[in-house]
Amino acid sequence: MQENLRNIKISVRNLVEFILCSGDLDNTKTRSDADAMQAGSKMHRKLQKQMGANYTAEVPLSITVPVSREDISFELTIEGRADGIINNNIIQEDFSVLVFEEEEANPPDIVIDEIKGVYLELSHLTAPIAVHRAQAMCYAYIYATKYEQQRIGIRMTYCNLETENLRYFEETFRYKELSDWFEHLVEEYAKWAVWQIKWCDKRDTAIKTMDFPFEYRGGQKELVTGVYKTILRKKKLFIEAPTGVGKTISTVFPAIKAMGEGLADKVFYLTAKTITRTVAEETFKILSNKGLDFKVVTITAKEKVCILDKPDCNPGACPRAKGYFDRVNDAVYDLLTNENDISRDLITDYAEKHCVCPFEMGLDVTLWSDAIICDYNYVFDPNVYLRRFFSNDKQNNFVFLIDEAHNLVDRAREMYSAVLYKEDFLEVKRLVKDKSGKLARQLDYCNNDLLRLKRECDDFEVIDNVDGLCVHLMSLMTEFETFLQESFISEGKETILRLFLDIRHFLNIYDIHDDNYTIYSDYEEDRFRLKLQCMDPSRNLQNCMARGRSTVLFSATLLPIGYYMEQLGGKKEEDYAVYAPSTFLTENRLIMVGNDVSTKYTRRNAKEYEKICSYIKEFAGAKAGNYMVFFPSYQMLQEIAELVGEELEGLVVQSSNMTEEEKELFLDEFVENPKKSRIGFCVMGGIFSEGIDLKSNRLIGAIIVGTGLPMVCNERELFRGYFDQKNGTGFDYAYLYSGMNKVLQSAGRVIRTKDDRGAILLLDERFHQKQYYNLFPREWFPYLTVNQASMKSYLQDFWNA
């Protein structure tokens, strides 16, 4: 074999699923691999332990084969882990030889065992699933090649996860038969590998000649270097980076440079909001305009790209779902070989050309892209993470760049929590009782379990465990699987499928829940619910981040950094934290804190509200321009709005549940160089307190009314008690840090560029307390303490400067 050939690696599973997957997209059918994710792993181990001395579990197998195509020679390494290998030469008294029907007198010496856990009733399986069989055949070929076996067997072992019943499918192959099949499989994949080699050479050449596209700002070069070193050393980096630092280019540029040096295979740019996704796209575009060859794919929500009015992915509802897997590889190859830049519009055009789903095609294109811009959930959410990249716990050369990382704490807690509503079981029972008596009975059992819990819950109840309910939920899942496979659902399809998915998620979360969880029951709008609440998501996030090489988390409001490191899976003794200095001039920003007003619940009265109104009128009256006032709740916003009435000219008020169009119309009110003042009343933590970019003089001032602390409720008190017991920081973790993050985000709307000037007024005497002002960013010091009498002169001096 030639030396120094390029080597491409692919897992057995990814290879067969990519080349051999066929048929329809169908949301009315369930996928056993995905559905049985967590429970299946446990069942694997249980079955393997029951085997005898002739059974070897979890056997790593790999093969490297030379490939030549289109004047390119390379090595293809195919690797994986066989669930089990049975050696029939080892006979035991309590374990008989595995017998194969077609050659009972002469069974193969070696049998590859492929175990799959399913919720499906096993009687409905008449043959092994094609890609499962192909996985076993790959392992059989690799083993037979390595150990010179002329005959070898495979066994597909399907186990129902609820009943633990087993069903086997056995087959014996001659080596020549397997060899021909495997050679064809490799040949089918070779054209993709050749494209990948050619593209990576072109990309890496462009990366090596790429320079930073701007003149470095103060501290920016050090930040870029820090990101590169973090990737080099396989660490995590937490960056507190104020607006204006250029955190997007400062993280994307070194990540791409690391890819050019072979340190990374793919970059995931993860965001929580559309606006930050757009900024990331623009950053990659800047580098592309400077000569970078780089394929970037943005994953767009299915609802935004679906050709139907409402997504319904099955061949009966959508023509593009019929035979999707038979056509999609041709569509992707056509796109990759004919287009350099990959945009949402291009994916839509090629999807139409090949009659495939644009959303699913976009996901398939990610396999071949260099960078993926997507929501957090495509990496972290146990329901929707990209299984094509993260289906096992193997570490890959992926770099995760996590923008606005302060949002990930609450998002992760929700991702790793699960909830069931008792009323949903009764509703689904009503819908299915005439179609499946068995399913209706299982729904009854679960409803009765929830009824018992409801009788024990007056308002809010913490529960030790729900093991009994989960046993019944497992039985219900088996009947659910059978029902969904056999029945045509006409009425209540969404309701039925939603409960099925909720139960599946609940069982998967219950399987991983530990001391970082609390189980409780309560009532939500008169509906009884049972919730598995993730209190601390750090362990789950650590497990996800371990699938990549390095993670860089950044935000303008990552304070206190120690809290975010702890909650987001960082290790203080191993990982890094950086506070990037602000590049904006301090004289362009006026920070004032009112010392004679409070928004505490006990102080919310007409007198305090009049003070707030006076502050708003004086603040906005000092200079004509655009202002925003952020309130801790809609209720206070509306009460203050009624008080000021017509006294405040140019008032516009945020309403609840605004559409995208209404949001744009609201922002359009804030024009450049206004002749009259425009004052927007908004809610802290709402759609206008984060992710909007009103540059220049489209916004010259903001008033933050209150400390943003969440309302006291059972769940918040649960967090308070949990963290008080864990580290004595219950109030901080449950209320303070969340509230102050809203304050910082709201205030951050004012100064967006180095040329902007603006004033920020914090209205609550609590801001003078150490636990609050310790959370101010460095660039806010020194700030001015004001009252209604002194504020006017400070504003006049600032605007006249």
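Up top is the structure.
The notes below deal with the structure included here. (Residues numbered from 1 in each chain as written. Predicted model: local features only at pLDDT ≥ 70, side-chain atom pairs only at ≥ 80, totals over all residues. Heavy atoms only, no water.)

## What to know about the sheet that holds strand β12 (residues 418-421)
Across the sheet, 4 strands lie side by side as β12-β15-β14-β13; this open sheet has antiparallel pairing. Lying at the two open borders of the sheet, with one neighbouring strand each, are β12 and β13 (460-463). Strand-to-strand twist in this sheet, taken as the mean axis angle between neighbours without regard to direction, amounts to 20°. Inspection of the sheet shows β12 paired to strand β15 (residues 527-534) by 4 bridges, in the antiparallel sense. For tyrosine 421, the partnering residue across the bridge sits in β15 and is arginine 529. Against the sheet, helix α19 (residues 493-512) engages β12, β14 (517-524) and β15, with an angle of about 135° to β12. (Pairing = 2+ DSSP bridges. Helix = DSSP H or I, 4+ residues; strand = E, 2+ residues; numbered from the N terminus. Axes fitted to C-alpha atoms, helices over the stretch in contact; angles between N-to-C directions. Contact = heavy atoms within 4.5 Å.)

## Quick notes on the pairing of strand β8 (residues 266-271)
Across the 6 residues that make up β8, a large majority, 6, are buried. Where burial is concerned, the two faces of β8 agree: the one with Lys266, Phe268 and Leu270 and the one with Val267, Tyr269 and Thr271 are both buried. With 5 bridges connecting them, β8 and strand β10 (residues 371-375) associate as parallel partners. When the bridges of β10 are listed, valine 267 appears paired with alanine 371. (Buried < 20%, exposed > 50% of the residue type's maximum accessible area, 1.4 Å probe, protein only.)

## Examining the pairing of strand β2 (residues 55-69)
The side chains of a regular strand alternate between both faces of the sheet. Across 14 bridges, β2 lies against strand β3 (residues 72-87) in antiparallel orientation. The residue bridging tyrosine 55 from the neighbouring strand is isoleucine 86, located in β3. What sits between the antiparallel neighbours β2 and β3 is a turn of 2 residues, in which glutamate 70 has the positive phi angle 50°.

## Thoughts on the nonpolar core
A general feature of soluble globular proteins is that nonpolar side chains tend to end up buried together. Met361, Phe380 and Leu473 are the most contacted members of the largest nonpolar core, which totals 195 residues. Excluding its chain neighbours within four sequence positions, the residues that come into contact with phenylalanine 380 are Leu270, Ile402, Leu408, Met415, Tyr416, Leu541, Cys544 and Met545. Listed in part, the 35 residues of the second largest apolar core include Val224, Val252, Ala371 and Ile373. (Core = buried A, V, L, I, M, F, W, Y, C linked by side-chain atoms within 4.5 Å.)

## A few points about a negative patch on the surface
A surface patch of negative charge is lined by Glu456, Asp458, Asp459 and Glu461. Relative to the helices and strands, aspartate 459 is located in the loop between α17 (437-455) and β13. (Patch = residues over 30% accessible without salt bridge, like charges linked within 9 Å, V, L, I, M, F, W, Y side chains within 5 Å. Areas by Shrake-Rupley, 256 points an atom, 1.4 Å probe, with all protein chains shown as cover. Salt bridge = Lys/Arg side-chain N within 4 Å of Asp/Glu carboxyl O. Lys, Arg positive; Asp, Glu negative; His and termini not counted. Charge placed at Lys NZ, Arg CZ, Asp CG, Glu CD.)

None of the figures reported here should be taken as evidence of function without further support.
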